Amino acid sequence: YTLVATYYNAMAMGDRDTIVGLYDGIPENSLLKIEETAKYIDHYPTLEIYTKEGLTADSTVVYVFYRLKFINHEEEFPGYETLYVCTNDQGGLYIKNEDNFTEEEKDYITTVTHQDDVVEFNNRVDTEYNDLISEKPELFRYLSELDNEISVAVGVRVAQQESGPEEAQQPESPETPA
């Protein structure tokens with residue numbers, strides 16, 4: 001639970017260093033998205049964890065049900081995520097990036113995720129989310145617009161990083177000569 005709570009607190013704060021420390025590798029674009037998304041997150045008021053044994057003795061498949069509260073919104077948005085938690089050589093826990101999964105791990109997680117108890121856990125989230133969106137369709141529009149804003153902001157940051165520090169620091173205005 002401590003690892004998961006630390007992860008979600010870091011997500012809410014956009015704490016790049018903590019998230020990097022919790023993973024066995026995470027792409028820069030994912031970190032940028034986390035940082036941009038955090039600008040809109042108030043907190044995660046609910047975290048429920050359901051676990052299944054991993055493929056090996058030093059791993060666990062973790063299903064996290066959460067509620068997310070955005071800044072300036074009363075509603076708590078339900079969601080869930082699957083994490084693959086492993087033990088490192090020093091005995092510490094880390095989240096394995098799905099890009100680093102072996103084929104056997106991918107197949108195993110898919111199989112476990114389709115077991116009745118896990119499907120029931122995940123269906124609860126789907127039902128709660130669909131009920132919320134049905135009651136307040138404007139929230140769906142908000143989530144769509146937010147996703148678009150975050151994607152644009154990440155794209156701008158990637159472009160700034162790729163253009164180099166000189167261009168990234170120049171003010172963006174029509175008067176700036178090209």
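Check the entry above for the structure.
Residues numbered from 1 in each chain as written. Predicted model: local features only at pLDDT ≥ 70, side-chain atom pairs only at ≥ 80, totals over all residues. Heavy atoms only, no water.

Caption draft 1: Representation of helix α5 (residues 116–135) in the model. The end-to-end C-alpha distance of α5 is 28 Å, a good match for the 28 Å that 20 residues give at a rise of 1.5 Å each. For α5, the elements touching its buried residues are β1 (41–53), β2 (59–70), β3 (76–87), α4 (103–113) and α6 (137–163). (Helix = DSSP H or I, 4+ residues; strand = E, 2+ residues; numbered from the N terminus. Expected span 1.5 Å × (residues − 1). Contact = heavy atoms within 4.5 Å.)

Caption draft 2: A look at the packing of helix α3 (residues 28–38) against α6. Contact geometry for α3 and α6: axes closest at 9 Å, N-to-C directions at 130 degrees. Judged by the angle between their axes, α3 and α6 are oblique. When the axes of α3 and α6 are compared, the crossing they make is right-handed. Residues E28, N29, L32, K33, E35, E36 and T37 of α3 pack against D147, I150, A153, V154, R157, V158 and Q161 of α6. (Axes fitted to C-alpha atoms, helices over the stretch in contact; angles between N-to-C directions. Parallel < 35°, antiparallel > 145°, perpendicular 65-115°, else oblique. Left-handed = near helix turned anticlockwise from the far one by under 90°.)

Caption draft 3: Quick look at the packing of aromatic side chains. One pass over the full model with this rule turns up 9 aromatic pairs. Seen in terms of ring centroids, Y44 and Y66 are 5.4 Å apart; in terms of plane orientation they differ by 80 degrees. Their pairing is edge-to-face. On the criterion of sequence distance, the pair formed by Y44 in strand β1 and Y66 in strand β2 is long-range, its members being 22 residues apart. Each of the two residues, Y44 as well as Y66, counts as buried. An angle of 20 degrees between the planes, with centres 5.5 Å apart, marks the rings of Y50 and F121 as stacked. Taken together, the residues span a long stretch of sequence, with Y50 in strand β1 and F121 in helix α5 at a distance of 71 residues. Residue classification places Y50 among the partly exposed positions, given a relative accessible area of 27%. On the accessibility criterion, F121 (11% relative accessible area) is buried. Among the aromatic residues, those joined into a cluster by ring pairs are Y7, Y8, Y23, Y44 and Y66. One Lys or Arg, R124, reaches over the ring of F65 and ends 4.4 Å from the middle of that ring. (Phe/Tyr/Trp six-rings, centres within 6.5 Å; stacked < 30°, edge-to-face > 60°. Buried < 20%, exposed > 50% of the residue type's maximum accessible area, 1.4 Å probe, protein only. Lys NZ or Arg CZ within 6 Å of the ring centre and 35° of its normal.)

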